[in-house]
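# Chains, contacts and geometry: an overview
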Amino acid sequence: MSWIKKSGDYLKMVLALIFTFWLLTAYECYAVNWVDNSFTHLISTFITKCINDFWAAIVIGILVFPFYRGLELISQKAAAWVVHILFTLIVLGEYALVKYSLTTLVNLGADILGYSFNDMFSTVAVSESISILYFLPFVICPLVYFSLFLLLKHKLKSWPNPSILIIVFCCLLVGKLVIENVADSASENKLVYFFSDIVKYKLDSQSISDSQNLNRLDYPLLRDSKSITDVLTPYLKPGEKKPNIVVIVVEGLGSEYVAGNNYSGFMPYLDSLIDKSLYWENFVSTTGRSFGILPSLFGSLPYGEKGFLELVDVPSHLTLMSVLKLNNYKTNYISGGPSQFDRKVNFLEFNQVDNIIDENLYDDSFTKTESNDGGFTWGYPDSEIFRMALSQMDDYSKPRLDVIMTLSNHEPFQYPDKDNYIKEVEKSIENSQKPENVRAQLRHHTDILGCLKFTDNSLRVFMNTYQATKDFDNTIFVITGDHRLIPMAQKDKLCRFHVPFLIYSPNLNSAQKFKGLASHWDVTPSLLKYLSVNYSFNPIDKVAWMGAGLDVSKTFRNRNAIPLMRYKGSLNDMIYKDYFYSDGDLFQIKDNFETYKVSNSEVKKQIEDTLFAFKSMNAYVTQNKKIFPDSLNIYITPKKKFTEQQLNQIAVYSEGKTYDDLLLVARDLSHNKEFDKAILLCDYILNEYPNYTDAIVLKGRSYAWQGEYALAEPCFNEAQKRSPFYDDSYMAILDMYWWSGQENKSESIYKKAVMNKVGNPDVAFKMAKAYGRINRPEDAVKVIDSLLYLYPNNSEYKTLKKSIK
């Protein structure tokens, strides 16, 4: 026991760390389980987590001990304080990860590598109310650790009998090795999971890299389009004209919330629509978050390392959007949030979508979702998104593909008339015949269920309004969820991916329900096959889909191996036949799509081999641009490419800088008349962020300042198209007209700014000067008088008015 006495203070630090971990675990278990699970489950969860916390602290203690002993030789006091600071940081890290887990119901791990700082900040900012109280636990946690240490130091004068310590140690070791749930990722210590998941991801990436054949040149996904079977024609009567396709992606909509499932009853309109539609009961999203919906649903595309949208050098590929566009469809994308989030706009622009509507294109006749305490909002509520969508559907000259992505069903669940929707939910719960344990869970999430009712009502209004248009009888509606919403507890790991999928049209022969397992990967192959079989379409000889098409089996079956990316960078889940593999655990899928854990080493080995083969293929086709040959792709125009010399020049200015920093560098270069370099940096920024209006405007100004007015004008027009309510694009083009002697063109720009209610007085002032120069003094005075009405003491306005008179 002499070593214990010599290291008594250090052991008490480790013990204080263990107790602090346990208190954080108690807080987590209470927050998660007090409604959603029984008391027995709460205790069981607490015990398994505590076992992992104990071993996490012991490992930390062992790793830090040599460092502590080395410092102790120099200064015992300094060694103690350094370890205290280190353990405090560990406690704060554990609390932050617990907080993240409580918000998302998953542990944070390698997915942190897949998101930019701005994306992570947006997600956290909208999920939490940031205030002084929010940061209080970051003060309390260190105080708890220090208090526990001081308590142990002053009260624990002697250590228990070694036999007792050995027995406790052995019990916790046996618990770690024997208790089944201890090995589950949900039970792991948050810090251990965080670092081990990142290490696992890095090793996995290296293993995949090592498996690549550098001399390989084939396109493994390329196949004859005849391999896809037309399964929709027997159910969907073709019309004379090409049909409109309206695809509605509902944020966070899982299958549990519809069609009589556990949490259903709060989307009555959608439930009624399911009864009139082709409905796939066993349908999955390919990813656990929204980053995967566009490439999977519209392109049946592989993932790449961190999701297809994260690929900067985008491989040639086909999508529903690009193929329909070539077949004379007008393509529209309508959302109410920032299209640059998850790089959606890059994908849409690559596929040359005609009309991309995001939050920048809503005028003040639309009402934005109320901001949270930190001033953040995702954008516009679903009712306004559907209203905007209807306003874009007035072109009857050609068939349309309309993609509508809702937004409201996401933290912090803010939506119009929220209190009344919650009252309706509360009334529905009390009148429900669901078991009391389910109703207890529902009562705890009335804000989420109210949001589902709001979205359902918004969908009903949209469909009823659309039904009155002359296009309704020639429209196919596709409705699905992007993934199951996160904040409500999940019954199992598979339900994170289980989403509804339906096809509705007035031209359906009859409503049908299918049990064949399908995924978002299967949608575009089946839709394009149906369209090409029944309408005059440019022939598609070769395709490179991940999916094989929808399965219309009336009995449960799975014909495909479907790897699932739970979050960016995580490829540890797969559906294989009637099995679900997740993080090394094997589950059998029942006919009702519920799962139970099984042990079958042979099947597990088959799945692991299949998953690794997919990872290797996925890396090969995305890193080497071997999805679809450029020579066969008549559907898209490649994005801008930079020469090696240009990339070297960009690297000189971009190293260590954000894109915002780089724009400032480009602005300085332009002011110093280094226009070519400024334009190059703007192009580099816009390749990554096509909606970066300031970069578009600076590019235009750089052309204008060197007299290249014909090149500048399209830049300013593009800026106005993308951000019609942003004043700088109007001022830039008015400046250019002034310099170039084209003041006669200014009036149309000014009228557009007035129409879009651009309130910057400089726009009007520039117009007044232009009127003066083109000898229209009356119009100039009118504009100046309107400015003087608002700013009566402005000497510049008065001087201009006097000079014109």
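Anyway, here's the lowdown on the structure attached to this text.

Each value, and the rule that gives it
Residues numbered from 1 in each chain as written. Predicted model: local features only at pLDDT ≥ 70, side-chain atom pairs only at ≥ 80, totals over all residues. Heavy atoms only, no water. Helix = DSSP H or I, 4+ residues; strand = E, 2+ residues; numbered from the N terminus. Rg over C-alpha atoms; globule rule 2.2 N^0.38 Å. Buried < 20%, exposed > 50% of the residue type's maximum accessible area, 1.4 Å probe, protein only. Contact = heavy atoms within 4.5 Å. Areas by Shrake-Rupley, 256 points an atom, 1.4 Å probe, with all protein chains shown as cover. Lys, Arg positive; Asp, Glu negative; His and termini not counted. Charge placed at Lys NZ, Arg CZ, Asp CG, Glu CD. Patch = residues over 30% accessible without salt bridge, like charges linked within 9 Å, V, L, I, M, F, W, Y side chains within 5 Å. Salt bridge = Lys/Arg side-chain N within 4 Å of Asp/Glu carboxyl O. Axes fitted to C-alpha atoms, helices over the stretch in contact; angles between N-to-C directions. Parallel < 35°, antiparallel > 145°, perpendicular 65-115°, else oblique. Left-handed = near helix turned anticlockwise from the far one by under 90°. Nonpolar A, V, L, I, M, F, W, Y, C, P; charged D, E, K, R; others polar. Pairing = 2+ DSSP bridges. Phe/Tyr/Trp six-rings, centres within 6.5 Å; stacked < 30°, edge-to-face > 60°. Lys NZ or Arg CZ within 6 Å of the ring centre and 35° of its normal. Core = buried A, V, L, I, M, F, W, Y, C linked by side-chain atoms within 4.5 Å. Expected span 1.5 Å × (residues − 1). Arc of directions from axis to C-beta. Polar contact = N/O pair within 3.5 Å; in protein donor to acceptor, adjacent residues only side chain to side chain.

## Let's talk about the overall build of the protein chain
Secondary structure assignment for the protein chain yields 28 helices and 17 strands. Relative to the 2.2 N^0.38 estimate, which gives 28 Å for 805 residues, the radius of gyration of the protein chain is 30 Å and therefore close to what a compact globule would have. When the backbone C-alpha atoms are referred to their principal axes, the protein chain occupies close to 100 × 70 × 65 Å. By residue count, 55% of the 805 residues in the protein chain fall in the buried class. Taking the contacts inside the protein chain whose residues are at least 6 apart along the sequence as the reference set, 74% of them involve residues at least 24 apart. With an accessible surface of roughly 35700 Å², the protein chain has 56% of that area assigned to carbon and sulfur atoms. For the protein chain, the separation between the mean place of its 85 positive charges and that of its 90 negative charges on side chains is 1 Å.

## Let's talk about a nonpolar patch on the surface
On the surface, L133, L136, V139, I140 and L143 cluster together to form a nonpolar patch covering roughly 480 Å² of accessible area. Here L136 lies in the loop between helix 5 (117–127) and helix 6 (137–155). Judged by its relative accessible area of 42%, L136 falls in the partly exposed class.

## Focus: the packing of helix 13 (residues 382–391) against helix 16 (residues 446–467)
Across the interface, helix 13 lies against helix 16 with an axial gap of 8 Å and an inter-helix angle of 15°. One finds that helix 13 runs roughly parallel with respect to helix 16. Along this stretch, helix 13 crosses helix 16, giving a crossing that reads as right-handed. Counting all contacts with helix 13, which are made through D382, S383, F386, A389 and L390, the residues of helix 16 involved are F454, T455, S458, L459, F462, T465 and Y466. Taken together, the residues of the contact of helix 13 with helix 16 sort by class into 7 nonpolar, 4 polar and 1 charged.

## Section: the sheet that holds strand 6 (residues 355–357)
Reading across the sheet, the 8 strands line up as 6-5-7-2-8-9-3-10 and stay open at both edges, with mixed pairing between neighbours. Only two strands of the sheet have a single neighbouring strand rather than two, namely strand 6 and strand 10 (512–514). Averaged over all neighbouring strand pairs, the angle between strand axes comes to 10°, with direction disregarded. Direction of pairing for strand 5 (residues 330–334) relative to strand 7 (residues 400–405): parallel, over a ladder of 5 bridges. By the bridge assignment for strand 7, I334 is matched with I404. In the packing of helix 16 onto the sheet, the strands contacted are strand 2 (244–250), strand 7, strand 8 (475–481) and strand 9 (501–504), and the crossing angle to strand 2 comes to about 170°.

## Here we look at the packing of helix 24 (residues 727–740) against helix 26 (residues 761–773)
Axes are the key here: two packed helices are described by the angle between their axes and the distance separating the axes. The interhelical angle for the contact between helix 24 and helix 26, taken along N-to-C directions, is 20°, at an axis separation of 9 Å. With respect to their mutual orientation, helix 24 and helix 26 come out roughly parallel. Crossing geometry of helix 24 relative to helix 26 is assigned as left-handed. Across the interface between the two elements, D727, Y730, M731, L734, D735 and W738 from helix 24 touch D762, V763, K766, K769, A770 and R773 from helix 26. For the contact of helix 24 with helix 26, the class distribution of residues is 6 nonpolar, no polar and 6 charged.

## Things to note about the packing of aromatic side chains
Evaluated as defined, the whole model comprises 42 aromatic pairs. Taken together, a centroid distance of 6.4 Å and an interplanar angle of 85° make the contact between F308 and F347 edge-to-face. A residue pair is termed long-range when its members are at least 10 positions apart, and F308 in the loop between helix 10 (293–299) and helix 11 (320–326) and F347 in helix 12 (residues 344–350) qualify at 39 residues. Overall, the relative accessible area of 4% leaves F308 in the buried class. Taken together through their ring pairs, the aromatic side chains of Y10, F65, Y68, W81, F87, Y145 and F146 make up a single cluster. The aromatic ring of Y620 is capped on one face by R216, whose charged end is 4.2 Å from the ring centroid. Seen from the ring of W738, K769 lies directly overhead, with NZ or CZ sitting 5.1 Å from the centre.

## Considering unusual backbone geometry
Both trends apply: most residues other than glycine have a negative phi, and most peptide bonds are in trans. Across the junction of E411 and P412, the peptide omega takes the value 10°, indicating a cis bond. Mapping P412 onto the fold places it in the loop between strand 7 and helix 14 (418–431). One non-glycine residue with positive phi stands out, namely N328, at about 70°. Residue placement: N328 occurs in the loop between helix 11 and strand 5.

## Here we look at the nonpolar core
One finds W280 and L550 to be the most contacted residues of the largest nonpolar core, which totals 82 residues. If you tally residues by element for this core, the top one is helix 17 (residues 523–534), at 5 residues. With near-sequence residues (within four places) excluded, L550 lies in contact with V231, L232, W280, F283, F501, I503, A518, D522, V523, S526 and R559. Residues Y269, I357, F366 and F477 belong to the second largest nonpolar core, which totals 54 residues.

## Quick word on the pairing of strand 14 (residues 573–576)
Two faces, one strand: in a regular strand the side chains alternate between the faces of the sheet. The two faces of strand 14 match: D573 and I575 on one face and M574 and Y576 on the other face are all buried. With 4 bridges connecting them, strand 13 (residues 561–564) and strand 14 associate as antiparallel partners. Bridge pairing in strand 14 links A561 to Y576. Bridge count between strand 14 and strand 15 (residues 579–582): 4 bridges; the pairing is antiparallel. Bridge pairing in strand 15 places I575 opposite F580.

## Some details on the sheet that holds strand 15
The strand order across the open sheet formed by 5 strands is 13-14-15-16-17, and the pairing between neighbours is antiparallel. Each edge of the open sheet is held by one strand with a lone partner, namely strand 13 and strand 17 (595–597). Here the strands of the sheet are splayed against their neighbours by 25° on average, with no regard to which way each runs. Sheet topology note: the strand 16 (residues 585–589)/strand 17 ladder contains 3 bridges and is antiparallel.

## A word on the environment of G481
The topology assignment puts G481 in strand 8. Judged by its relative accessible area of 0%, G481 is buried. Once residues lying within four places of it in the same chain are set aside, the contact partners of G481 are V249, V250, L253, I293, V499, P500 and H520.

## Some thoughts on the side chain of S570
Tracing the chain through its elements places S570 in the loop between strand 13 and strand 14. Contact partners of S570, with chain neighbours within four places excluded, come to L564 and M565.

## Examining helix 21 (residues 675–688)
Spanning 14 residues, helix 21 covers 20 Å between terminal C-alpha atoms, matching the ideal 20 Å at 1.5 Å per step. Of all 14 residues that make up helix 21, 11 are buried, and the element is covered over most of its length. Where helix 21 is concerned, the buried positions are F675, A678, I679, L680, L681, C682, D683, I685, L686, N687 and E688. Looking at the buried positions of helix 21, the neighbouring elements they touch are helix 12, helix 19 (644–654), helix 20 (659–671) and helix 22 (693–705).

## Comments concerning helix 20
In this model helix 20 runs 18 Å from its N-terminal to its C-terminal C-alpha over 13 residues, within 8% of the 18 Å that 1.5 Å per residue would give. Residues of helix 20 that are buried: L662, L663, V665, A666, L669 and S670. Relative to the axis of helix 20, the buried residues are bounded by an arc of 160° and lie together on one face. Of the surrounding secondary structure, the elements contacted by the buried residues of helix 20 are helix 19, helix 21 and helix 22. K673 sits one or two positions beyond helix 20 and adopts a positive phi of about 65°.

## Looking at the environment of S740
Topologically, S740 is positioned in helix 24. Each C-alpha atom, one on S740 and one on L172, is 81 Å from the other, the two residues being 568 residues apart in sequence. A distance of 3.5 Å separates a polar atom in the side chain of S740 from the backbone oxygen of Y737. At 2.7 Å, the side chain of S740 forms a polar contact with the side chain of Q742.

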